[in-house]
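Structural characterization, general
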Amino acid sequence: MVANGWHPGMRESATFDRNTIAEIQRAAREGIYAIKGFGAKRRVPHFDDLLLLGASVSRYPLEGYRERCETDVIIGARSAREPVHLDIPITIAGMSFGALSGPAKEALGRGASEVGTSTTTGDGGMTDEERSHSRILVYQLLPSRYGMNPDDLRRADAVEVVVGQGAKPGGGGMLLGHKLSERVAAMRDLPQGIDQRSACRHPDWTGPDDLEIKIEELREITDWRIPIYVKIGASRTAYDVALAVKAGADAIVLDGMQGATAATQEVFIEHVGIPILAAIPQAVESLEELGMHRVVQLVVSGGIRTGADVAKALALGADAVSIGQAALIALGDNAPEHDEEYRALGSAAGFYDDYQAGLDPAGISTQEERLLARFDPVEGGRRLANYLRTLVLETQALARACGKSHVRNLEPEDLVALTIEAAAMARVPLAGTSWIPGHAHSLA
Ligand SMILES: Cc1cc2nc3c(=O)[nH]c(=O)nc-3n(C[C@H](O)[C@H](O)[C@H](O)COP(=O)(O)O)c2cc1C
């Protein structure tokens, strides 16, 4: 026998690998689908499959220490009197109070505010500590309407109508009973301790025409002051973006299939929707056809981790990106100091994804007083701000290398793909060639 209990001749099946076998065994035992947090775990075409072309003889790079590279972005100037001004093109995605603890939500606000960007509410409504610690707070209007309150709409800096999420386009939400604490239940007008499901579609819509009416209604409630975003899970992106823009959206939030979730059926997380890499060019094309690219802003999410991801998303035509999972990790999710406790829960630091269970040793995805008291929102906010600063510095370093004095000037021309799949989806040439699969004309 050699390391890890492997013997010569033991061969793992690619079709029935150990995770597949474990899942069949679990299903046979429990008789119900698996519900998980985190995002899709299998590999799909992503930003890692793209490379940036740094400047050389044909292009002129900018000097990092002397020449500025700006990062600000304005969202929602299409019709709002007070559009959102962000210092950096990275926002914090909507994550519900209920899925996350009150202190974790506060930390997201603190971290975002420190670097001049926005954070977003989520299913279950707006908490006071989140509002008071967030300089720019986007208020989500979700199909469930849990915690929905017109006064909070007016306290927000933007409204985000959530049609779908990348982890589950077409699916609703879940909050299992042990996370429905007294406070969470009261905000949602639900009984304590009972599993809650959020609707997969808005109660008062039967089609895109209703979205137009809803946006109009929201503008009236907020007196045309703040922008109205529409968030969609990437699937039939070109049509969905066009319809949302025609309905009056000031910004489109587009979430790819790798986007994380607090609690969703695993089969949904891994098998529904399209990667953000494939969705961005479709969205940009749709916006361009309507003459709305850069007029209606495009905010994209789903697996953003580094400044390289940010730079590549911007180069494909996004105006900003949004992060969920990475923000939680920055706060302290999956931190090595909790490894022993993760192991006691049948997981390990770096693998913990049971956000649905409400037993998070880091005190982030829980409502249990003894656990959430462990999390320090000031320290968490500081870590998030540091992480966001790092993302910005990385993005600027790459943009300067491409000769850009503003990160928004990154363009598809700055990108090549490492695989044919990524080239076809991102609509940039395969590295070393002028070939974009599916495009008749050569770039050379
Ligand atoms: C704990 C958690 C809770 C979430 N809650 C919501 C929510 O209430 N509303 C929503 O639109 N999206 C929700 N999301 C999805 C995020 O808004 C976002 O789409 C996703 O996290 C982006 O992808 P990323 O995690 O790869 O950055 C949640 C995600 C997480 C991890």
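Nothing here was measured: the structure is a model prediction, and the numbers come from that model. (Residues numbered from 1 in each chain as written. Predicted model: local features only at pLDDT ≥ 70, side-chain atom pairs only at ≥ 80, totals over all residues. Heavy atoms only, no water.)

1. Observations regarding the overall build of the protein
Each helix and strand counted, the protein has 15 helices and 16 strands in total. Relative to a compact globule of 444 residues, whose C-alpha radius of gyration would be 22 Å, the protein shows 22 Å and is just as compact. Within the protein, the proportion of its 444 residues that are buried is 54%. Taking as baseline every contact in the protein between residues at least 6 positions apart, the subset at least 24 positions apart corresponds to 65%. Surface summary for the protein: the accessible area is close to 19,800 Å², and the carbon and sulfur share equals 54%. Averaging the positions of the 45 positive and the 60 negative side-chain charges in the protein gives two centres separated by 1 Å. (Helix = DSSP H or I, 4+ residues; strand = E, 2+ residues; numbered from the N terminus. Rg over C-alpha atoms; globule rule 2.2 N^0.38 Å. Buried < 20%, exposed > 50% of the residue type's maximum accessible area, 1.4 Å probe, protein only. Contact = heavy atoms within 4.5 Å. Areas by Shrake-Rupley, 256 points an atom, 1.4 Å probe, with all protein chains shown as cover. Lys, Arg positive; Asp, Glu negative; His and termini not counted. Charge placed at Lys NZ, Arg CZ, Asp CG, Glu CD.)

2. Quick notes on the pattern of salt bridges
Two side chains with opposite charge may pair up if their charged atoms get near one another. In this structure the tally under the stated criterion is 35 salt bridges. Among the salt bridges present, the one from R155 reaches D152, with a minimum N-O distance of 3.1 Å. You can see R155 and its partner D152 sitting in helix 4 (residues 150–155), three residues apart, about one turn around the helix. R155 sits in the partly exposed class, given a relative accessible area of 33%. What makes D152 buried here is its relative accessible area of 8%. Salt bridges sharing common partners tie together K36, K41, D353 and D354. (Salt bridge = Lys/Arg side-chain N within 4 Å of Asp/Glu carboxyl O.)

3. As for the nonpolar core
L50 and I323 are the most contacted members of the largest nonpolar core, which totals 86 residues. Sequence-distant contacts of I323, that is, excluding residues within four places in its chain, are made with I90, T91, I92, A93, M95, I304, Y387, L388 and L391. Of all hydrophobic cores here, the second largest spans 12 residues; its members include I75, V84, L86 and V138. (Core = buried A, V, L, I, M, F, W, Y, C linked by side-chain atoms within 4.5 Å.)

4. A word on the site of the ligand
The local shell around the ligand holds 25 residues, among which G94, D255, G303, G324 and Q325 are the closest. Separating an oxygen atom of the ligand from a backbone N or O atom of Q325 is a distance of 2.8 Å. Summarising the interface, the protein chains cover 97% of the accessible area of the ligand, which totals 610 Å² for the free molecule. Elements supplying a minimum of two residues to the shell around the ligand: strand 13 (261–265) and helix 11 (325–331). Counted by class, the shell around the ligand contains nine nonpolar, 13 polar and three charged residues. (Near = heavy atom within 4 Å. Polar contact = N/O pair within 3.5 Å; in protein donor to acceptor, adjacent residues only side chain to side chain. Nonpolar A, V, L, I, M, F, W, Y, C, P; charged D, E, K, R; others polar.)

5. Section: the side chain of Q396
Note on placement: Q396 falls in helix 14 (residues 377–401). Judged by its relative accessible area of 14%, Q396 falls in the buried class. Residue contacts for Q396: discarding those within four places in its chain leaves C69, T71 and V407.

6. Remarks on the state of the cysteines
Structurally, a disulfide amounts to a covalent bond that connects the sulfur atoms of two cysteines. Per the counting criterion, the structure on display carries zero disulfides. Cysteine C402 shares no disulfide, and the gap to the nearest cysteine sulfur, in C69, comes to 9.8 Å. On the basis of relative accessible area, C402 is assigned to the buried category, the value being 6%. (Disulfide = S-S within 2.5 Å.)

7. Thoughts on helix 10 (residues 307–315)
In terms of burial, helix 10 is a largely internal element, eight of the nine residues being buried. Taken residue by residue, helix 10 has G307, D309, V310, A311, K312, A313, L314 and A315 as its buried positions. The N-terminus of helix 10 is capped by T306, whose side-chain oxygen sits 3.2 Å from the backbone nitrogen of A308. Downstream of helix 10 by one or two residues, G317 has phi in the positive range, about 120°.

8. Quick look at helix 14
Spanning 25 residues, helix 14 covers 36 Å between terminal C-alpha atoms, matching the ideal 36 Å at 1.5 Å per step. Backbone nitrogen of V378 and a side-chain oxygen of the N-cap are separated by 2.9 Å at the start of helix 14; the cap is D376. Two residues or fewer past helix 14, G403 is found with a positive phi of approximately 85°. (Expected span 1.5 Å × (residues − 1).)

9. Observations regarding the environment of G177
By the element assignment, G177 lies in the loop between strand 9 (173–175) and helix 5 (182–188). For G177, a relative accessible area of 6% corresponds to the buried category. Separated by 262 residues in the primary sequence, G177 and H439 place their C-alpha atoms 51 Å from one another. Non-local contacts of G177, meaning those with residues more than four positions away in its chain, are made with G193, I194 and D195.

10. Notes on the sheet that holds strand 5 (residues 90–92)
Read from one edge of the open sheet, eight strands run 5-15-14-12-11-8-7-6, paired in parallel fashion. The outermost strands of the open sheet, each flanked by one partner alone, are strand 5 and strand 6 (118–120). Averaged over all pairs of adjacent strands, the angle between their axes in this sheet comes to 30°, without regard to strand direction. Pairing analysis gives four bridges linking strand 7 (residues 136–141) to strand 8 (residues 158–162), with the strands arranged parallel. Within the sheet, the bridge partner assigned to V138 lies in strand 8 and is A158. (Pairing = 2+ DSSP bridges. Axes fitted to C-alpha atoms, helices over the stretch in contact; angles between N-to-C directions.)

11. Quick notes on the packing of aromatic side chains
Counted under the stated rule, the structure contains three aromatic pairs. Ring pairing ties together the aromatic residues F38, Y342, Y352 and Y355, which thus form one cluster. Note that R219 overlies the ring of W224, its terminal NZ or CZ placed 5.2 Å from the centroid. (Phe/Tyr/Trp six-rings, centres within 6.5 Å; stacked < 30°, edge-to-face > 60°. Lys NZ or Arg CZ within 6 Å of the ring centre and 35° of its normal.)

12. Some points on a nonpolar patch on the surface
On the surface, F16, I21 and I24 cluster together to form a nonpolar patch covering roughly 270 Å² of accessible area. Assignment of secondary structure puts I21 in helix 1 (residues 18–30). (Patch = residues over 30% accessible without salt bridge, like charges linked within 9 Å, V, L, I, M, F, W, Y side chains within 5 Å.)

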